[in-house]
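Residue-level listing of the chains:
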Amino acid sequence: MLLGAVRLLLEAIFGQDYLPTCYGYRVGVGAQKAVKDLTYELQFGRYGYVVEADIKGFFDNIDHDWLLRMIEERVDDKPLLGLIDSRLKAGILETDGTVIHPQTGTPQGGVISPTLANIYLHYLFDLWFERVVKSNGQGQAHIIRFADDFVCVFQYKEEAEQFHRMLPKRLAKFHLAVVP
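Residues numbered from 1 in each chain as written. Predicted model: local features only at pLDDT ≥ 70, side-chain atom pairs only at ≥ 80, totals over all residues. Heavy atoms only, no water.

### Quick word on the pattern of salt bridges
By the definition in use, this model includes seven salt bridges. Linking arginine 7 and glutamate 11 is a salt bridge whose minimum nitrogen-to-oxygen distance equals 3.3 Å. One end of the pair, arginine 7, and the other, glutamate 11, are both in helix α1 (residues 2–14), four residues apart, so they sit about a helical turn from each other. (Salt bridge = Lys/Arg side-chain N within 4 Å of Asp/Glu carboxyl O. Helix = DSSP H or I, 4+ residues; strand = E, 2+ residues; numbered from the N terminus.)

Below, the structure written as structure tokens:
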């Protein structure tokens, strides 16, 4: 119940910041809208090159320190940040009775996990794509992201290839990798 309230609070704070290219785990948008918008972009945009990717083990590998730093960009409430941190590190009871305290990842199946994932990807991926990838390119570029899956389309082959080379480096900075 408490984490549900924290989720609602974080969604109210960060939801207004999400770019319109973020479709996963948001009210009023979803997979069908993502497919519809991607279809529109491919039909009417000047795109000839597609880079599709999925982040390997994303929910298990979210870096707690990075995530908390991202949340601190908009939240200046030490008790709330402490609560989120404690839930990220809460012990997991294994079938043999041992308790594991994760150093990365979000609570599996937790009500707050999708919201934390969107915050993480907003900062590490969406803003980077808009501010670095698109702004440094000469042609059109667009992204459709649903949780940790995304499709990026480019007008020019060189820019698609450059993005494909840059992506692993960008994700590695946050201890993530692309599914081969």
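### Some details on the pairing of strand β4 (residues 141–146)
In terms of residue burial, β4 counts as a mostly covered element, since five of its six residues are buried. As paired strands, β4 and strand β5 (residues 149–154) are joined by six bridges and run antiparallel to one another. By the bridge assignment, alanine 141 is partnered in β5 with phenylalanine 154. Connecting the antiparallel pair β4 and β5 is a turn made up of two residues, with alanine 147 showing a positive phi of about 55 degrees. (Buried < 20%, exposed > 50% of the residue type's maximum accessible area, 1.4 Å probe, protein only. Pairing = 2+ DSSP bridges.)

### What about the nonpolar core?
Across soluble globular proteins, you tend to see nonpolar side chains buried next to one another. Ranked by internal contacts, the top residues of the largest apolar core, which has 47 residues, are Leu10, Ile71, Tyr120, Phe125 and Phe163. No other element matches the 12 residues that helix α6 (residues 113–134) contributes to this core. Apart from the residues lying within four places of it in its own chain, the contact partners of tyrosine 120 are Phe58, Ile62, Asp63, Trp66, Leu67, Met70, Phe174 and Leu176. Ala34, Leu38, Ile144 and Val151 belong to the second-largest nonpolar core, a separate cluster that totals seven residues. (Core = buried A, V, L, I, M, F, W, Y, C linked by side-chain atoms within 4.5 Å. Contact = heavy atoms within 4.5 Å.)

### Re the packing of aromatic side chains
Here the structure, examined in full by the defined rule, presents 16 aromatic pairs. Where tyrosine 25 meets phenylalanine 146, the ring centres are 6.2 Å apart and the plane angle is 40 degrees; that geometry is what we call tilted. Taken as a pair, tyrosine 25 in the loop between α1 and α2 (31–44) and phenylalanine 146 in strand β4 lie far apart in primary sequence, 121 residues in all. Residue classification places tyrosine 25 among the partly exposed positions, given a relative accessible area of 41%. With 6.1 Å between their ring centres and 50 degrees between their planes, phenylalanine 58 and tyrosine 120 make a pair best called tilted. With a gap of 62 residues between them, phenylalanine 58 in helix α3 (residues 58–61) and tyrosine 120 in helix α6 connect regions that are remote in the sequence. Phenylalanine 58 gets classed as buried once you look at its relative accessible area, which sits at 1%. (Phe/Tyr/Trp six-rings, centres within 6.5 Å; stacked < 30°, edge-to-face > 60°.)

### Thoughts on a negative patch on the surface
Together, Glu72, Glu73, Asp76 and Asp77 give the surface a local cluster of negative charge. Positionally, glutamate 73 belongs in the loop between α4 (64–72) and α5 (78–88). (Patch = residues over 30% accessible without salt bridge, like charges linked within 9 Å, V, L, I, M, F, W, Y side chains within 5 Å. Areas by Shrake-Rupley, 256 points an atom, 1.4 Å probe, with all protein chains shown as cover. Lys, Arg positive; Asp, Glu negative; His and termini not counted. Charge placed at Lys NZ, Arg CZ, Asp CG, Glu CD.)

### Considering α5
Helical geometry: 3.6 residues make up each α-helical turn, so side chains three or four residues apart lie on a common side. Taken as a whole, α5 has its buried residues at Leu80, Leu81, Leu83, Ile84 and Leu88. Down the axis of α5, the sector holding all buried residues measures 155 degrees, keeping them to one side. Relative to its buried face, α5 has exposed residues pointing more than 90 degrees away, namely Lys78 and Pro79. Where α5 is buried, its residues contact α1, α4 and α6. Its side-chain oxygen 3.1 Å from the backbone nitrogen of leucine 80, aspartate 77 forms the N-cap of α5. (Arc of directions from axis to C-beta. Polar contact = N/O pair within 3.5 Å; in protein donor to acceptor, adjacent residues only side chain to side chain.)

Such coordinate-based values are descriptive only and should not be taken to indicate function.
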